[in-house]
Amino acid sequence: MTAMVKAEGVHKSYGAAHILKGIDLEVAPGEVFCLIGPSGSGKSTFLRCINHLEKVNAGRLYVDGELVGYRQKGDKLYELKDSEVALKRRDIGMVFQRFNLFPHMTATENVMEAPVQVKGESKAVARERALKLLDRVGLGDKSGNYPSQLSGGQQQRVAIARALAMEPKLMLFDEPTSALDPELVGDVLDVMRDLAESGMTMVVVTHEMGFAREVGDSLVFMDGGVVVESGHPRDVLTNPRHDRTKAFLSKVL
Ligand SMILES: Nc1ncnc2c1ncn2[C@@H]1O[C@H](COP(=O)(O)OP(=O)(O)O)[C@@H](O)[C@H]1O
Ligand SMILES: [Mg+2]
């Protein structure tokens, strides 16, 4: 079976700053893959590489069997054009800590926007799907609300619906609950759990160890741009083998 994400010796630098120092990992289709680690360890950078927002400097990164950012012909690599990169990015949904909804659009309009603008879908079809998705994330009664009329947790659920509207084959979450008041976190995690149960492949950067333990299929602990330890979430969280993992977990658990 083709991995949904496969990283082989992935390196990424910003100028002289060497951020990712050889990442190797594999995410199977349908898997919930959790990524944890201290601030600055390169988690967001790695997600941005998966999402074609950053080019890797060395190593290979594949999404669904296709090389990210390049086309391979024989043993030569050719950089993809921006338009080709944009086309591939459509298949990957991304949810950030900050939801960045359009403030002048209702929840429904926010969810309709990309299918209409990017895929040229008819408004009627896009609206119907948007309403279904809002219902799915528990916001069926808030479809006409503007972002300012929604709580942070509700806005984040609209952002998830917005990503799903493009019918992605992979969803990336970058600390989706970190900016939320504690009492709003649960509803967002419930939506993510639901999505996981539906079979979506998910890469989730999170500090929610309860979520990682209950929903995650794999967990990777990153520090200083390398994978320090990986395994089943229950094993890594209960029996960390490395001192760096132990030190990190003692602070967050
Ligand atoms: N666009 C950029 N230019 C320069 N440095 C960056 C850029 N993005 C991230 N970094 C640096 O890369 C390191 C890793 O950042 P990041 O991937 O955001 O870590 P994490 O998500 O694990 O907190 C940090 O030191 C950060 O300052
Ligand atoms: Mg980050």
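I will try to describe carefully the structure that is included in this document. (Residues numbered from 1 in each chain as written. Chains lettered and ligands numbered in written order. Predicted model: local features only at pLDDT ≥ 70, side-chain atom pairs only at ≥ 80, totals over all residues. Heavy atoms only, no water.)

**Describing the site of ligand 1**
Near ligand 1 the following residues occur: Y14, I19, P38, S39, G40, S41, G42, K43, S44 and T45. For ligand 1, an oxygen atom lies 2.7 Å from a polar atom in the backbone of G40. Take T45: an N or O atom from its side chain is 2.5 Å from an oxygen atom of ligand 1. Bound to the protein, ligand 1 loses 56% of the 560 Å² it would expose on its own. (Near = heavy atom within 4 Å. Polar contact = N/O pair within 3.5 Å; in protein donor to acceptor, adjacent residues only side chain to side chain. Areas by Shrake-Rupley, 256 points an atom, 1.4 Å probe, with all protein chains shown as cover.)

**Quick look at the layout of surface pockets**
Of the voids in this model, the largest pocket is the one considered here, and its volume is about 570 Å³. Forming the boundary of the largest pocket are 23 residues, of which I92, M94, A114, R162 and M166 lie nearest the centre. Among the elements of the structure, α2 (82-89), β8 (92-95), α3 (107-119) and α5 (152-164) are those that each provide at least two residues to the lining of the largest pocket. (1 Å grid on protein atoms, 1.4 Å probe; cavity = no way out; pocket = protein on both sides within 12 Å on 5 of 7 lines; lining within 4 Å. Points joined across faces, edges and corners; volume = space filled by probe spheres on them. Helix = DSSP H or I, 4+ residues; strand = E, 2+ residues; numbered from the N terminus.)

**Quick word on unusual backbone geometry**
Phi at H52 takes a positive value of approximately 65 degrees, unusual for a residue other than glycine. Among the secondary structure elements, H52 is positioned in the loop between α1 (43-50) and β4 (58-63). On the accessibility criterion, H52 (9% relative accessible area) is buried. (Buried < 20%, exposed > 50% of the residue type's maximum accessible area, 1.4 Å probe, protein only.)

So far we have only geometry, and geometry alone does not tell us how the molecule works.
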